[in-house]
Every structure is written in structure tokens, then in C-alpha cells.
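Observations on the three-dimensional arrangement
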Amino acid sequence: MTDKELKLKSVYIRKTLLKYIYKAKAGHTGGSLSCTDILNILYNRVLNVDPKDFKNPNRDRYIQSKGHCVEALFVTLADRGFFPMSDLEELCSYQSHYIGHPTKKVHGVEQNTGALGHGLPICVGEAIAAKLDEKSHRIFTLMGDGELPEGSNWEAFLAAAHYKLDNLYAILDYNKQQITGSNQEVMNTDSVKDKLEAFG
Amino acid sequence: MKNDVCYSDNPVKLVAISAGVSYGALGTTHHSLHDFAALRAINNITIVAPADNFETEQAVKAAIAHEKPLYLRFGKKDMPYLGDSDKTFAFGKGRIVREGTDLAIIANGETVYPAWLAAKKLEEVLGIQTTVVSMHTIKPLDTELLEQLAKNGRPIITVEEHMVYGGLGEACASHLFQKGYHNPFKIMAIPDEYTVTGSQGEIFNHYGISKEGIYEVAKNLLKN
């Protein structure tokens, strides 16, 4: 896929997720729009995953820590062929599996998430397991900067450095916003690069 | 909560908002249906779930004056109006919102309203007189009122927005059974499964925590 095609796909994902959030009258619009490019690039350039062979033990693992931005994930997965896009017509409706957070009941979702500060710790465990099994697959998580105040993240960063987990990729959607205001107002996450480098 | 608040006897007031399945469509990570069970197991805590605006106002005022660990559970949607009900409130004292001698329904939080509606329908359709109690304080439980309700042998139904294990129903059943009461008894709560998704109302209806659902359970319990 060319860079231009990838850019156009991001536009398509954004338009589509807005359509389904509007229809459901539920969802997290800002966060989903914010992480669309990251998901698009991950699923169309980076991750070794196959909708037809999703349980392949050698697949890369993607766990979405900022689970509330599930609409961007669902649309990206549908576009990648994990399930028909039309399934999202039932987003957030009674008895649907397409709920407001990632669930393994949806094909292509690796882990149930939605409680913040959990994605990275789970990925640390997955990365240690991959090392123990002498596997070469990679583990990715997408975090929001608004979830950094969760203390579990910092325990996980400490463990990731301690175990030298070079198979672990923590991506931070650094949009400087969270639900009740800017990070600077709610909980300052400035100098995050310096903080993480200090962990080793 | 166990170590820093209850064990240390610090007068912390933990206030929960959007409890139960208030965020129904957001899925299990956002369903809070285990709080009564987890907290009831801790010593030295008062657990309160108000049913209407009156109880909410009273509970907040009482919480400010309360110098012990306290858990206050609120829902998300507007509180219902429970008619011209009794206007007395104290932690640890159940509030009778309707009186009748044939049946007792004990509920708390946002389930008191459907229980109250079911009691009205039971009277209108079947002539059954039901006492409905808002057992807003689940710990310490109003055991005196509980035993008064059980004394004439009438069936008892408990209703709660919580898992079937460890909540209001089990607290009532445990006390009554140990005191030798054997009234027909039914716990209405969320069963031991990962809850269906949908709005709070859809989830309530799915599990029968509704005017119609409680009415049907009451009717069947009275038949036996």
C-alpha cells in the first residue's frame, strides 16, 4: 500500500467510525479520531496478523490499552477483513458483541480491555512469555497519555526495562487530552520522554 | 479500603457513581456489580445505596456527619419518585415505602422503583398487599426490620443491581436462616454470568429486574 493510499484509508476509517458512533449514539469520538492513523499503520504496515489465521501462535499481538477508543479498532479490523463492516450497524446495541470496549468475542481482538492502565502490564506478561517460549513475534500496545496516571503503567515500565523486553512496543497516543480536560490541568504528563528514558 | 480505611478506622467516604450497569453498553469492564460482595467482607464499613432523591439527600448529609468508613453508591440516571413514602432516614434502618401483609419485597438503590411499581400492580391485578422496603443500608443490615417482615411467614423477594452472590439477597437470607426463619425466598439479581450488554433498562428487563419481572416472580412465589 502506498503512502497516499494509506492516508486515504485513514480518512475512510475516520468517516466510517463517525458514522457508526452517530448511529449508536454512543462512543468515544475524540480518542478514536486521535488514534486512527496509529491503528491504520499498525494493521496495514506493521503487524503480522492474518484474519484467516488469527490464532497462529506466531502472530504479532496487539492489545489496545485505551479500550474506550474501540470504534477506531473495530473499523480498522473490519476494513482489514476480520468481519463485515456492516456488523457495526449493531454497535452498542442490546446483546451485541460490538460493545463500547474491546472484547475477545469480536474476531481479531486479542484481549478484553477497557479498564485503563491494564494494557501495558498484560503486554509485559506476553513479552516475557514470548521470551520464555523463544518466540520471535512482537507485542504491541496502544496507550493514551490520559491513562498514564494509572500507577500500574509505571510498574509495568519498570518491569519492561528490568526484563529487557526488546519484543515489546508501547505506543503512546500523545494528544494531551483526557475526558475531563487537558493533561496539564488534570494530571501533568509533560516530559514523558525523559521519564521513560530514565527507566532504562 | 481494608488496610488504609477500615482497619485504620479512618473516616473516609468512598462515593461510587454510575454503579451497577449504568454504563450498560460499554461492557463488562464498565459494569460494577461486585462492590457489595467485596466490601461486605470487610469489617468496620457502612454500605449505602439510596433509592430516590430523598434518600440521596439524607445519605449525603448523614455521610458528612458520619465519622467512620462509609461507602455510598449512586447510579447515573435521574432518581425516581416513590410517591408519598415514609420520610425518615438513618443509616442501618430500612425505609418502608409501601405496606402490606401478603408479601415483602426488599430492594435497594435503583431497583426499589421497579419493586414499588410491581407492588402496585400486584395490588391492582391480584389484590395482593405488599410491603416494599428500601434497604438502603446493606451493612449494617436492619435485622430487626428483617425479622419483623419474616414473622408472619410471608414470602420475601430481594431485588438488587448486583451479582446474585454476596449482595443484599444473600445478606438477608443468611440472617433469616440462621435465626430459624424459613419463608419462601427469592433473590432477584444478576446471575453468575458475564452480563449481556445494552442500556441499563435493557439489562434490567433481560434479567427480570423490572415491574413485570418482579410481578411474575411474586405471583409464582405466592402460588407455591
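Residues numbered from 1 in each chain as written. Chains lettered and ligands numbered in written order. Predicted model: local features only at pLDDT ≥ 70, side-chain atom pairs only at ≥ 80, totals over all residues. Heavy atoms only, no water.

1. Brief notes about the UniProt feature "domain: Transketolase C-terminal" (unreviewed entry) in chain B
The positions that UniProt labels "domain: Transketolase C-terminal" (unreviewed entry) are, in the present scheme, residues 92-214 of chain B. Between the end C-alpha atoms of residues 92-214 of chain B the distance is 25 Å, and the span holds 37% helix and 25% strand. (UniProt positions renumbered as here; feature names shortened; annotations may be inferred. Helix = DSSP H or I, 4+ residues; strand = E, 2+ residues; numbered from the N terminus.)

2. Notes on the sheet that holds strand β4 (residues 95-98) of chain B
Residues and elements named next belong to chain B. In spatial order, the strands read β4-β6-β5-β8-β9; together these five strands make up an open sheet with mixed pairing. The sheet terminates laterally at β4 and β9 (185-190), the two strands that pair on one side only. Averaged over all neighbouring strand pairs, the angle between strand axes comes to 25 degrees, with direction disregarded. Here β4 runs beside strand β6 (residues 130-134); their pairing, made up of three bridges, is antiparallel. Its bridge partner being in β6, isoleucine 96 is matched across the sheet by valine 133. Helix α8 (residues 211-223) rests against β5 (103-107), β8 (156-163) and β9 of the sheet, and its axis sits at about 160 degrees to β9. (Pairing = 2+ DSSP bridges. Axes fitted to C-alpha atoms, helices over the stretch in contact; angles between N-to-C directions. Contact = heavy atoms within 4.5 Å.)

3. Details of the interface of chain A and chain B
On the chain B side, the residues contacting the twelve residues of chain A number ten residues. The contact between chain A and chain B buries some 880 Å² in all, and 60% of this surface belongs to carbon and sulfur atoms. Of the residues belonging to the side of chain A that touches chain B, the class tally is four nonpolar, eight polar and no charged. (Buried area = accessible area lost by both parts, 1.4 Å probe. Nonpolar A, V, L, I, M, F, W, Y, C, P; charged D, E, K, R; others polar.)

4. Some thoughts on the UniProt feature "domain: Transketolase N-terminal" (unreviewed entry) in chain A
Those residues carrying the UniProt feature "domain: Transketolase N-terminal" (unreviewed entry) are residues 12-200 of chain A in this numbering. The distance separating the terminal C-alpha atoms of residues 12-200 of chain A is 39 Å; by composition the span is 41% helix and 11% strand.

5. Details of unusual backbone geometry
The phi angle of most residues is negative, glycine excepted, and most peptide bonds adopt the trans form. A cis geometry characterises the amide bond from lysine 139 of chain B onward to proline 140 of chain B, with omega recorded as -5 degrees. Structurally, proline 140 of chain B is set in the loop between β7 (137-139) and α5 (143-150). The phi angle at glutamate 134 of chain A is positive, at roughly 55 degrees, despite the residue not being glycine. With respect to the helices and strands, the residue glutamate 134 of chain A is situated in the loop between α4 (119-132) and β2 (139-144). In this model, serine 191 of chain A sits at a positive phi of 55 degrees, which is unusual for a non-glycine residue. With respect to the element layout, serine 191 of chain A can be found in the loop between α6 (183-186) and α7 (192-198).

6. Description of the sheet that holds strand β1 (residues 61-64) of chain A
Residues and elements named next belong to chain A. The sheet built from three strands is open, its strands ordered β1-β2-β3 with parallel pairing. Bordering the open sheet on either side are β1 and β3 (168-173), each of which pairs with just one other strand. Each strand axis lies, on average, 20 degrees off the axis of its neighbour in the sheet, ignoring direction. With six bridges connecting them, β2 and β3 associate as parallel partners. Directly across from threonine 141, in β3, lies its bridge partner alanine 170. Running over the sheet, helix α2 (residues 29-46) touches β1, β2 and β3 and is turned about 150 degrees from β3.

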